[in-house]
Amino acid sequence: MDQAGNPAVSSGPMISLRNLRVSYGEREILHGISFDVMRGETLVILGGSGSGKSTLLRTLVGLEKPDSGEIWLKGKNIAAISGSEMDEIRKKIGMSFQGGALFGSMTVGENVALPLREHTKLEDSTIEIILRLKLDQVGLSGYENYMPSQLSGGMKKRAAVARALAMDPEILFFDEPSAGLDPIIAAGVDELILELKKAFHMTVIVVTHELASAFMIADRMVLIDKGIVVAIGTTEEMRASTHPRVRQFLDRIAEPEVSQELDYLQMLTEDIRPGRGAAGKRSA
Amino acid sequence: MELANQIGGSVTDGLAYLGALASLAGRAAYFAFVAPFTGKPVRVQRAISQAMQVGVRALPILSLITFFIGLILALQAAYELRKFGALNFVASAVAISMTRELGPLITAIVVIGRSGSAFAAEIGTMKVTEEIDALETMAINPIHFLVTPKFLAMAVMLPCLTIWANSMGILGGALFGVAQADFTWARYVQASLDALFLRDIVTGLIKSVMFGVTITAVGCHEGLSTGAGAEQVGQATTRAVVISIFLVIFVDVIFTALFFFVSAR
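Fair warning: this is a prediction, and the values are worked out from it, not measured in the lab.

### Notes on the overall build of chain A
Within chain A, the regular secondary structure consists of eleven helices and ten strands. Counting the 284 residues in chain A, one finds 39% classified as buried. Restricting the contact set of chain A to residue pairs at least 6 apart, pairs at least 24 apart contribute 64%.

### Focus: the overall build of chain B
A count of helices and strands for chain B gives nine helices and zero strands. Buried residues in chain B amount to 45% of all 265 residues. Here the analysis covers contacts within chain B between residues at least 6 apart in sequence; of these, 86% occur between residues at least 24 apart.

### What about unusual backbone geometry?
Across residues other than glycine, the phi torsion is negative in most instances, and most of the peptide bonds are trans. Residue and element names in this part refer to chain A. Backbone geometry places Lys74, a non-glycine residue, at a positive phi of 50°. Inspection of the secondary structure assignment puts Lys74 in the loop between strand S4 (68–73) and strand S5 (76–77). Owing to 16 C-beta atoms within 10 Å, Lys74 belongs among the partly exposed residues under this scheme.

### As for the packing of helix H5 (residues 153–165) of chain A against helix H6 (residues 183–200) of chain A
Residue and element names in this part refer to chain A. Interhelical geometry of H5 versus H6 gives an angle of 15° and a closest axis separation of 10 Å. Looking at the two axes, H5 sits roughly parallel to H6. The interaxial crossing formed by H5 with H6 has right-handed handedness. Here H5 contributes Gly153, Gly154, Lys157, Arg158 and Val161 to the contact with H6, which in turn contributes Ile185, Gly188, Val189 and Leu192. Broken down by class, the residue content of the contact of H5 with H6 amounts to four nonpolar, three polar and two charged.

### Remarks on the interface of chain B and chain A
Contacts between the two partners involve ten residues from chain B, matched on the other side by 15 residues from chain A. Along the lines of polarity and charge, the residues of the side of chain B that touches chain A split into four nonpolar, two polar and four charged.

### Quick word on helix H4 (residues 124–137) of chain A
Residue and element names in this part refer to chain A. Along its 14 residues, H4 runs 20 Å from first to last C-alpha, staying within 8% of the 20 Å computed at 1.5 Å per residue. By the burial criterion, the buried members of H4 are Leu131, Lys134 and Leu135. Summarising the axial view, the buried residues of H4 lie within an arc of 95°, below the 170-degree limit, and thus occupy one face. Opposite the buried face of H4, at more than 90 degrees from it, the exposed residues are Ser125, Thr126, Ile129 and Asp136. Residues of H4 that are buried make contact with helix H3 (108–119) and H5. With its phi angle positive at about 75°, Gly139 sits one or two positions after the end of H4.

### Considering the sheet that holds strand S10 (residues 228–234) of chain A
In any sheet, the strands associate via hydrogen bonds between backbone groups, in a parallel or an antiparallel arrangement. All names here are of chain A. Ordered by their spatial adjacency, six strands build an open sheet running S6-S7-S8-S3-S9-S10, and the pairing between neighbours is mixed. Each edge of the sheet is formed by a strand with only one pairing partner; in this case those strands are strand S6 (93–96) and S10. Each strand axis lies, on average, 15° off the axis of its neighbour in the sheet, ignoring direction. Bridging between strand S9 (residues 220–225) and S10 involves six bridges; their strand directions are antiparallel. Residue Asp225 lies in a different strand from S10, and its bridge partner there is Ile228. Contacting strand S3 (42–46), strand S7 (171–175) and strand S8 (203–208), H6 crosses the sheet at an angle of about 160° to S8.

Definitions and limits used
- Residues numbered from 1 in each chain as written.
- Chains lettered and ligands numbered in written order.
- Predicted model: local features only at pLDDT ≥ 70, side-chain atom pairs only at ≥ 80, totals over all residues.
- Helix = DSSP H or I, 4+ residues; strand = E, 2+ residues; numbered from the N terminus.
- Buried ≥ 20, exposed ≤ 12 C-beta atoms within 10 Å, placed from the backbone.
- Contact = placed C-beta atoms within 7 Å.
- Axes fitted to C-alpha atoms, helices over the stretch in contact; angles between N-to-C directions.
- Parallel < 35°, antiparallel > 145°, perpendicular 65-115°, else oblique.
- Left-handed = near helix turned anticlockwise from the far one by under 90°.
- Nonpolar A, V, L, I, M, F, W, Y, C, P; charged D, E, K, R; others polar.
- Expected span 1.5 Å × (residues − 1).
- Arc of directions from axis to C-beta.
- Pairing = 2+ DSSP bridges.

Written out as structure tokens, the structure reads:
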């Protein structure tokens, strides 16, 4: 047993992943992921398209059920708890989705207030105050009566962060915070993440493939490739790493060109591991 | 052998689909009738706004269509009846076929076009833009939040719309009756009412509640099982309409047969 054998200890890590395996249908996406997220740190999960990093994030917030392995979060293994227990944990986490995922039929204010109205018995006037506060924190004061469709991409993301913050979460998850934003707006969102971390000492987990953004906000980084952890370490350690896959990712070296049809086929099927029954056979 | 396999496969798929619909309707019913007693109130506000959208806004088009259907029924019935000099039976022919069959059915088809498709498109789009996921991560059950209000709205509004459709159909028939069959408006309406038994109206309304539940189940199920991408939303919407029309007719057959044998006793 390693030091994370008893993850319920309060001084221990905030989240512990142990040999996590996740599949979509018959195809395994994550082949045994293990790492810890410390209390109050910003961990960036890096990885290319199709690396499994988004699946990992979805599993952490309980949107995907792992096949096996453990996710210890606040002393509970969320891979094996009931729906109502998971809902209790979800009230303590906030998630900002890639496109914002604001409800198009509600105003920005209604979006941000929704979790409060659903899960608390606060008076409308109190909710109003919290709403103003949250919008102010993300720099969207005065936008509560706008519809999401009237906001720009960056503002949508800020509004989504305000909604994620509504219940004062202990852990904040971000899916691709800078995706689809121009560099200046993206830098603004990074700035926001840093401010939130400084102000609330929140544990922040960010999934991204944007290197500049990753190095700006991260305390530590995990590089995921083809469903396994390639490297984990502080930003300095990652910069100094000599691991070929890390170097390739950080130095932005393109994949070797596909010259042969067979290579292409192999590239398409390389993450389908033999011995997993029908999925392996079908692609053979 | 291959054919048997295929038939078996389709039957299993069909049953699995019906099972999925029943499961969705069951979960929605749980949030409508059981969960309120455990401190999770029904979203009345959302149900009312859905009812506005599904019911009240459908009135103009539904009125127009069922008025014409009533007129067509009268014309078709008169074509045969006038051979026997029995044009005064037009009123009862229209009244009975509207309330027992065409009122509920035409209403269901209009509602499929307006709302069944809209449910699939709305929920499908929310799925694609991760709004359904967002609800779940906020510990808000999407069935409770989105689907139950739609079921309630449809189960209440479809019978209401059907009553309205019946009246408009009779009015359409009356136009013919007054113009061609020596009825006055009052006499036509009286003749229609005389022809109807309460049973005719009630069986039509029971069917319309079942249609409402079916349309909502299909629309929401198709929306929730949308894959990723705008194209998928379009496909889900199309499927919702086609499957709803089929299932409404199917439910219609079952209930009409049921009523036939029950009332024959």
